[in-house]
Amino acid sequence: MITLFRRIREKLIVSGSLTKYLLYAVGEILLVMIGILLALQVNTWNESVKNHKEELFYYDKLKENLRQDTTNLVGSMNRVDASLIVIDQIIDEFYSKENELLDADIAFALIRVESYSPETSTWDNLKSTGKINIIQRQSVIDSLTNYYNIYLMSTKQWIEANKDYSRNHLGPYLMKFDDIRLDFGGTSEFKDVFEPQKRSVKEYREDVFIRNALIYKRTNLTGLRSLFLNDYKRAVNILNLLDDQDPTRL
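Residues numbered from 1 in each chain as written. Predicted model: local features only at pLDDT ≥ 70, side-chain atom pairs only at ≥ 80, totals over all residues. Heavy atoms only, no water.

Asks: Give a description of the overall build of the chain that names residues and reports values.
Replies: Counting its secondary structure elements, the chain contains seven helices and zero strands. When the helices and strands of the chain are listed from N to C terminus, the series reads α-α-α-α-α-α-α. Evaluated residue by residue, the chain yields a buried proportion of 35% over its 250 residues. Taking the contacts inside the chain whose residues are at least 6 apart along the sequence as the reference set, 79% of them involve residues at least 24 apart. A total of about 15,200 Å² of accessible surface is found on the chain, and carbon and sulfur atoms cover 57% of it. (Helix = DSSP H or I, 4+ residues; strand = E, 2+ residues; numbered from the N terminus. Buried < 20%, exposed > 50% of the residue type's maximum accessible area, 1.4 Å probe, protein only. Contact = heavy atoms within 4.5 Å. Areas by Shrake-Rupley, 256 points an atom, 1.4 Å probe, with all protein chains shown as cover.)

Asks: Lay out helix H7 (residues 208-244) in plain terms, naming residues and giving numbers.
Replies: Over its 37 residues, H7 extends 54 Å from the first C-alpha to the last, a length consistent with the 54 Å expected when each residue adds 1.5 Å. Measuring from the backbone nitrogen of Phe209 back to the side-chain oxygen at the start of H7 gives 3.0 Å, which picks out Asp207 as the cap. (Expected span 1.5 Å × (residues − 1). Polar contact = N/O pair within 3.5 Å; in protein donor to acceptor, adjacent residues only side chain to side chain.)

Asks: Explain the nonpolar core residue by residue, including any values.
Replies: Ranked by size, the top nonpolar core spans 49 residues in total, and within it Ile90 and Leu174 carry the most contacts. At the level of elements, helix H2 (18-96), helix H3 (106-111), helix H4 (121-128), helix H5 (138-177), helix H6 (201-206) and H7 are the ones that each hand at least two residues to this core. In terms of residues, this core owes the most to one element, H2, which gives twelve residues. Those residues in contact with Leu174, other than ones at most four positions away along the chain, are Ile106, Ala107, Leu110, Ile111, Ile180, Tyr204 and Ile210. (Core = buried A, V, L, I, M, F, W, Y, C linked by side-chain atoms within 4.5 Å.)

Asks: Hey, could you go over the packing of H5 against H7 for me, with residue numbers and the actual values?
Replies: Interaxial distance between H5 and H7 falls to 10 Å at its minimum, and their mutual angle equals 160 degrees. By the angle between their directions, the pair H5 and H7 is classed as roughly antiparallel. The interaxial crossing formed by H5 with H7 has left-handed handedness. Per-class residue counts for the contact of H5 with H7 are 25 nonpolar, ten polar and three charged. (Axes fitted to C-alpha atoms, helices over the stretch in contact; angles between N-to-C directions. Parallel < 35°, antiparallel > 145°, perpendicular 65-115°, else oblique. Left-handed = near helix turned anticlockwise from the far one by under 90°. Nonpolar A, V, L, I, M, F, W, Y, C, P; charged D, E, K, R; others polar.)

Asks: Let's hear about the pattern of salt bridges: which residues, and what values?
Replies: Counting across every chain of the model gives 14 salt bridges. Here Lys97 makes a salt bridge to Asp103, at a shortest N to O gap of 2.5 Å. Assessed through its relative accessible area of 16%, Lys97 is described here as buried. Two residues, Arg112 and Glu114, come together in a salt bridge whose shortest N-O distance is 3.8 Å. (Salt bridge = Lys/Arg side-chain N within 4 Å of Asp/Glu carboxyl O.)

Asks: If you had to explain the packing of aromatic side chains to someone new, which residues and values would you point to?
Replies: Within this structure, the stated rule accounts for nine aromatic pairs. Each ring, one from Tyr116 and one from Tyr151, has its centre 5.9 Å from the other, and the planes form 90 degrees; the classification is edge-to-face. A residue pair is termed long-range when its members are at least 10 positions apart, and Tyr116 in the loop between H3 and H4 and Tyr151 in helix H5 qualify at 35 residues. An identical accessibility class is assigned to Tyr116 and Tyr151; each is buried. Taken together, the ring pairs connect Tyr173, Phe177, Tyr204 and Phe209 into an aromatic cluster. (Phe/Tyr/Trp six-rings, centres within 6.5 Å; stacked < 30°, edge-to-face > 60°.)

Asks: Requested: an account of the side chain of Glu54, with residues and values cited.
Replies: Summarising the element assignment, Glu54 is placed in helix H2. Side-chain polar atoms of Glu54 contact the side chain of Lys131, separated by 2.7 Å. Excluding its chain neighbours within four sequence positions, the residues that come into contact with Glu54 are Lys131 and Ile134.

The following block contains the structure:
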């Protein structure tokens, strides 16, 4: 092809036709420009395909993380519900018993804490590698940012407050007040050695710290469950958003 163009150019020069030569020159320049534009278009298309595949990869990873979050949150809510049931049982016993021992495990109710943290591996990777812009839909980025920020600013703070008060205040006081079971789930190796909870229901009920501790714990767990539920709903909404805005539809 190059040889052909060179021969045509040489013939035009020899013939002395300036007009034809100029037209040829313009045509050759246009062909070169068209070739460059086509090459750029192909390169852009290849880059778009590459970014599209990478976006699909991160969408799948984000979905995996969010599905794991929903599973963990359901488990956390179930465990909170179990603790609330025990607290309500203790409160019922406060009104129905006097000198008997508590049937409910008050150590389980007051000392046990529930924790949860979202799976952030994909989100952290997107931010640390600077690839967050690979996600083309701003609504997805905004929803994920909101989801993780709310956990850090609200849910995590509530969890930490519950841990601190339960382990540093409720636990030590209860251990001084009475023998406790500490066999969460019935697996304690000491449950057949020590008789737990020697104090009567009346003694528990008349202790103002324990009464307030039960009220605090119930209020705290109710609030924590509400936060878990809201986090769960946000995770489900983002999963739906990722499905609705599937990047496979170009």
